[in-house]
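# Summary of the model geometry
Residue-level listing of the chains:
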Amino acid sequence: ASRTEPRAGTPYRLKLHQIECCNCDVACGCQFGIGPLPGFCQFLIGYRVISGQFGDTPMAGVTFAIACKYPGAIHEGRGEVACFVDERTAAPQVEALMTILSGKAGGMPWEALAGTVEKLAGPILKPIEMTVNGTRSAFRIPGILEVEHRPVKDPVSGEEKDVHIVYPKGGFFWDDGSVCTTAAMRVNYGGLSFHHEGRYACYAVANWTNQR
């Protein structure tokens, strides 16, 4: 039996910074219901918990990142995922996080995403450096991965553009995302090896819970 199974029914509620990017052009096709524009999906997402807890375990400050690749759209499955957790994270927090990401605790988006994952590596404890600053956010794990956001600029004036994707009735990952692009996006860990600078990126605040 998994060491997380006894905690599978634990209530949780988290608010998180989400720093994401993928291999799509700046307009990610998945946001508009047409799937990944290159036909496959490779993405990196960094998270830092703003507030919340898993049962009695406080989760504020927990920092982690996921690297993923899918041969097609995410919902078609066969995903390969690596989950990196900052090495300073306490053991109960790591256990709580992995229970959520496994989908065993229920709640969106991980209850749905867990079924699309064929290979999962983690938790991989590494030093994670993260800067949360809207469309200038960044995170890196030395020698493994790096992501750096930069604002989208008007091609004529060169001025920065404030572009949002908004889901008035609630989105899958988040409700309001600030669209940007990548100055850096690379990973090299086992079978996960790719880089996609100048592509889609987004900063948002996400909310995860298994409570109504």
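Everything discussed here concerns the structure shown above.
Before going into details, it helps to say that this report is about the structure given with it. Bear in mind the structure is a predicted one, so any value in this text is a computation, not a measurement.

### Side note on the pairing of strand β9 (residues 145-153)
As judged from the 4 bridges shared by strand β8 (residues 138-141) and β9, these two strands associate in the antiparallel manner. Looking at β9, one finds that R140 is bridged to E146. Counted along the chain from β8 to the antiparallel partner β9, the turn is 3 residues long, and its residue G143 has a positive phi close to 80°. Judged from the 2 bridges that link them, β9 and strand β10 (residues 160-161) form a sheet pairing that is antiparallel. Paired with V152 across the strands is K161, a residue of β10. Once β9 ends, the chain turns through 6 residues before running back antiparallel as β10, passing G158 with a positive phi of about 80°.

### Observations concerning the pairing of β8
The sheet contact formed by strand β7 (residues 129-131) and β8 spans 3 bridges and is antiparallel. The partner of T131 across the bridge, within β8, is A138. Counting the residues in the hairpin turn of β7 and β8 gives 6 residues, including G134, whose phi is positive at 55°.

### Here's the deal with the nonpolar core
Formed by 40 residues in total, the largest nonpolar core has its most connected members in F43, Y47, F64 and W208. Not counting the four nearest positions on each side in its chain, F64 is found in contact with L16, I45, G46, Y47, V49, F84, V85, L97, L101, I128, M130 and W208. By size, the runner-up hydrophobic cluster in this structure holds 22 residues, among which are I19, L145, V147 and Y203.

### A look at the side chain of T63
Position of T63 among the secondary structure elements: in strand β4 (residues 63-70). Side chain to side chain, T63 and R48 meet in a polar contact 3.0 Å long. Engagement of the side chain of T63 in a polar contact is seen with the backbone oxygen of G61, the distance being 3.1 Å. Apart from residues lying up to four places away in sequence, T63 is in contact with Y47, R48, V85, D86, T89, I128 and M130.

### As for a nonpolar patch on the surface
Taken together, the side chains of F32, I34 and L37 define a hydrophobic patch exposed on the protein surface, amounting to about 350 Å² of accessible area. Examined against the element boundaries, I34 turns out to sit in the loop between β1 (12-22) and β2 (41-54). Overall, the relative accessible area of 62% leaves I34 in the exposed class.

### Things to note about the layout of surface pockets
A volume near 480 Å³ is recorded for the largest pocket. Around the largest pocket, the lining is made up of 24 residues, and of these C30, Q31, I74, F172 and F173 lie nearest the centre. Contributions of two or more residues to the lining of the largest pocket are made by β1 and β2. The element best represented in the lining of the largest pocket is β1, accounting for 4 residues. Looking at side-chain class alone, the lining of the largest pocket contains 16 nonpolar, 7 polar and 1 charged residues.

Parameters and conventions
Residues numbered from 1 in each chain as written. Predicted model: local features only at pLDDT ≥ 70, side-chain atom pairs only at ≥ 80, totals over all residues. Heavy atoms only, no water. Pairing = 2+ DSSP bridges. Helix = DSSP H or I, 4+ residues; strand = E, 2+ residues; numbered from the N terminus. Core = buried A, V, L, I, M, F, W, Y, C linked by side-chain atoms within 4.5 Å. Buried < 20%, exposed > 50% of the residue type's maximum accessible area, 1.4 Å probe, protein only. Contact = heavy atoms within 4.5 Å. Polar contact = N/O pair within 3.5 Å; in protein donor to acceptor, adjacent residues only side chain to side chain. Patch = residues over 30% accessible without salt bridge, like charges linked within 9 Å, V, L, I, M, F, W, Y side chains within 5 Å. Areas by Shrake-Rupley, 256 points an atom, 1.4 Å probe, with all protein chains shown as cover. Salt bridge = Lys/Arg side-chain N within 4 Å of Asp/Glu carboxyl O. 1 Å grid on protein atoms, 1.4 Å probe; cavity = no way out; pocket = protein on both sides within 12 Å on 5 of 7 lines; lining within 4 Å. Points joined across faces, edges and corners; volume = space filled by probe spheres on them. Nonpolar A, V, L, I, M, F, W, Y, C, P; charged D, E, K, R; others polar.

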